[in-house]
Protein chains: 2
Amino acid sequence: METLIRFSTDELGLEAFKPKSRSIDNLPRISSSTEQLFALCGIESRQNLNSSIHKFLHVRIKAGRHIYLSNDKCEMIYLVYSGFLKSTWADTNGNEKVLSFPMKGEMVGLDGIAHGKFANSLKALTDSELIAIPLQFCKGQNIESEIFRNHMISVMSQQLVNEQKSSFIISSLPVDAKVAKFLLSLSFKFKSLGYSEKSFLLRMSREEIGSYLGVSLETVSRTISGLCTIGVLKKNNRSIEIMNFDALKKLKRLPMGVTYKATVRSKKARNPKAHRAVEPEKPPT
Amino acid sequence: METLIRFSTDELGLEAFKPKSRSIDNLPRISSSTEQLFALCGIESRQNLNSSIHKFLHVRIKAGRHIYLSNDKCEMIYLVYSGFLKSTWADTNGNEKVLSFPMKGEMVGLDGIAHGKFANSLKALTDSELIAIPLQFCKGQNIESEIFRNHMISVMSQQLVNEQKSSFIISSLPVDAKVAKFLLSLSFKFKSLGYSEKSFLLRMSREEIGSYLGVSLETVSRTISGLCTIGVLKKNNRSIEIMNFDALKKLKRLPMGVTYKATVRSKKARNPKAHRAVEPEKPPT
DNA sequence: CGCATAGTTGAGGAGACTCAATGGGCGTGG
DNA sequence: CCACGCCCATTGAGTCTCCTCAACTATGCG
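Described in the following lines is the structure provided in the data block. (Residues numbered from 1 in each chain as written. Chains lettered and ligands numbered in written order. Predicted model: local features only at pLDDT ≥ 70, side-chain atom pairs only at ≥ 80, totals over all residues. Heavy atoms only, no water.)

**Description of the interface of chain A and chain B**
- Counting residues at the interface gives 52 residues for chain A and 52 residues for chain B.
- Each partner contributes to the roughly 4600 Å² buried at the junction of chain A and chain B, and carbon and sulfur atoms together form 61% of this total.
- There are 12 residue pairs in polar contact (both at pLDDT 80 or more) connecting chain A and chain B.
- Going through the elements one at a time, strand E5 (85-90), strand E6 (96-100), helix H3 (143-172) and helix H5 (206-213) of chain A are the ones with two or more residues in the side of chain A that touches chain B.
- Take the side of chain A that touches chain B: its biggest share by element is 19 residues, from H3 of chain A.
- A class-by-class count of the residues in the side of chain A that touches chain B yields 19 nonpolar, 20 polar and 13 charged. (Contact = heavy atoms within 4.5 Å. Buried area = accessible area lost by both parts, 1.4 Å probe. Polar contact = N/O pair within 3.5 Å; in protein donor to acceptor, adjacent residues only side chain to side chain. Helix = DSSP H or I, 4+ residues; strand = E, 2+ residues; numbered from the N terminus. Nonpolar A, V, L, I, M, F, W, Y, C, P; charged D, E, K, R; others polar.)

Take a look at the structure:
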């Protein structure tokens, strides 16, 4: 997460508010060297690598298409090079849940390693480009493989923690806080990638947000509208502008319905709507 | 999960219904060899290992005590040798959420690898014994370390998937189904370990179950009581007997509140309490 | 220029939460 | 050995959040 590096930042990633234009210097590569791969991963290596041995192919994928589906054989894992993705899991009844929205620099497909086939599906929300990393490489005995493997272990560990965090959010916070946290985490990611943390475009539908957060799409819509009403946000369809970070951050740590062992259960919680929103802060005018 | 092996099954694990008695042949070891470690992990290796090089110390821990706390330095990961544990995560406000209930054969502490300190806390629900695996060993260059590392990667991948599954359960299913799934997964685990899948003792409180499932403790209690009423379960405090596996399994796949893109939203859902329980099946008399 | 998809908003209801009181088990101490 | 107290579990009553259904609007695409 923090290991994301500012690597040719403007390359792609968010073409944010100028969709579909692609200037000539933004042309994607066909393949990356080990060094390039490592740089994008955020691996700092003091070893002198034999950069020419391995070439990692880039995979381009159109918006709306799947990179892989659940149960597909897993022979590669991927590093997001550009674009916005969506990872989902489906139960046996075909009910889908969105698990994450991978962006540039993130590794995807790690769920496929255990059994040699993917547990999740991965879909492109925008035209995207991924670097394919053969499992073979991950398992290799050479120095590059070993360095990468160590990194991979670290990433998996981190992903585990992230899953747990979002599990907490999903199960313990009221909608307002869920949405606030979601927007803040997006904002943080954008910032890490060198884009505006203040205004950005949601690449996913309300329904997808809802699925991710474990609430209905209407509730997501209402919550975002509510945040606009109290002046914390401005929205225009999928474009979001954060007007008041502090309020949003405060919101995210407000009481909860379901919390286990709430240390001191705030008596203010009795006051209806106490956690519904931050103090309107003297609504603008 | 499926890789759990039947390794000296009766050793400890569940002393189930005869608490606090410990027969002489149940005495825990002080340390394990690589082979023993691998066996408990479920690693099958055709290589001839130098079993005597590494010794893995066992850590014994009393019920109610912590093995590690969030932010503790992570120098070891652990393999559960016996007993029942609880892993929790706490946000900055001190609100805890239960993440898992590790049992024999499960690896814990993998969340600590990324940053060298644990993200979660681990507590013993019963007297337990863990095998400590130094990170040093995990990172080693010898053949034993490499085999173990591969296994560890696989385990992490699997844990990632499991997290995602339970995230789905938490966010998408009604309480009844949550509890049903929970009990079934416990039952399955017990069976894997060679114990009764039909009747067992819950080692955790209603509150802990609630935290794990993202519902209140009262709701857990009510749901379990409800399952008893319709004859699917028998309970006596923390001891559970499953009377009707099919009903429980059916229950777990019933409609849901929050489902994202429910393929065909069953119209029966309009019927109040449609998912409240399975058909009472002509309640016993 | 409509049709389809996505988003908004309202009304009403159901599930699950909170608060509160009761009862059972178990350990401790008189 | 019983009594007391503590913790956990159960159950009830009332309420609130969030869901569902539904109608309407905006946006984008052919």
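**Some remarks on the sheet that holds strand E5 (residues 85-90) of chain B**
Residues and elements named next belong to chain B.
- Spatial strand order, E3-E8-E5-E6: 4 strands in an open sheet with antiparallel pairing. Unpaired on one side and paired on the other, strand E3 (66-68) and strand E6 (96-100) mark the two borders of the sheet. The average undirected angle you get between the axes of adjacent strands in this sheet is 35 degrees.
- Here E5 runs beside strand E8 (residues 121-124); their pairing, made up of 4 bridges, is antiparallel. Directly across from Ser87, in E8, lies its bridge partner Leu122. (Pairing = 2+ DSSP bridges. Axes fitted to C-alpha atoms, helices over the stretch in contact; angles between N-to-C directions.)

**Section: helix H1 (residues 34-41) of chain B**
All names here are of chain B.
- Within H1, the full set of buried residues consists of Thr34, Leu37, Phe38, Leu40 and Cys41. For H1, the arc enclosing every buried residue in end-on projection is 165 degrees, short of the 170-degree limit, so these residues lie on one face.
- Positive phi shows up at Gly42, right after H1, with a value of about 90 degrees. (Buried < 20%, exposed > 50% of the residue type's maximum accessible area, 1.4 Å probe, protein only. Arc of directions from axis to C-beta.)

**A few points about the pattern of salt bridges**
All names here are of chain A.
- Enumeration over the complete set of coordinates arrives at 12 salt bridges over all chains.
- Residue Glu75 pairs with Lys73 through a salt bridge whose shortest N-O separation is 3.5 Å.
- Owing to a relative accessible area of 47%, Glu75 belongs among the partly exposed residues under this scheme.
- By relative accessible area, which is 62% here, Lys73 ends up exposed.
- Linking Lys86 and Glu208 is a salt bridge whose minimum nitrogen-to-oxygen distance equals 2.8 Å. Within this pair, whereas Lys86 is found in strand E5, its partner Glu208 is found in helix H5, the two being separated by 122 residues in sequence. (Salt bridge = Lys/Arg side-chain N within 4 Å of Asp/Glu carboxyl O.)

**A look at the pairing of strand E9 (residues 128-134) of chain B**
All names here are of chain B.
- Burial of E9 is extensive: 6 of the 7 residues sit out of reach of the surface.
- Of the pairings in the sheet, the one linking strand E2 (residues 55-61) to E9 comprises 4 bridges and is antiparallel in character. Considered in E9, the bridge of Ile61 is made with Ser128.
- Across 6 bridges, the pairing between strand E4 (residues 76-82) and E9 is antiparallel. From the neighbouring strand, Met76 faces E9, where its bridge partner is Pro134.

**A few points about the nonpolar core**
- Grouped together as the largest cluster of nonpolar side chains are 76 residues, with contacts concentrated most on Leu37, Ile77 and Phe148 of chain A together with Leu37, Ile77 and Phe148 of chain B.
- Excluding its chain neighbours within four sequence positions, the residues that come into contact with Phe148 of chain B are Leu37, Phe38, Cys41, Ile43, Ile77, Met107, Ile133, Phe137 and Cys138 of chain B.
- Ranked by size, the runner-up nonpolar core spans 33 residues in total, among them Val179, Phe182, Tyr212 and Val215 of chain A. (Core = buried A, V, L, I, M, F, W, Y, C linked by side-chain atoms within 4.5 Å.)

**Regarding the packing of helix H5 (residues 206-213) of chain B against helix H6 (residues 217-229) of chain B**
Residue and element names in this part refer to chain B.
- Between H5 and H6, the shortest axis-to-axis distance is 8 Å and the interhelical angle comes to 100 degrees. By the criterion of interaxial angle, the relationship of H5 to H6 is roughly perpendicular. Here H5 contributes Arg206, Glu207, Ile209 and Gly210 to the contact with H6, which in turn contributes Leu217, Val220, Ser221 and Ile224.
- When its residues are assigned to classes, the contact of H5 with H6 shows 4 nonpolar, 2 polar and 2 charged. (Parallel < 35°, antiparallel > 145°, perpendicular 65-115°, else oblique.)

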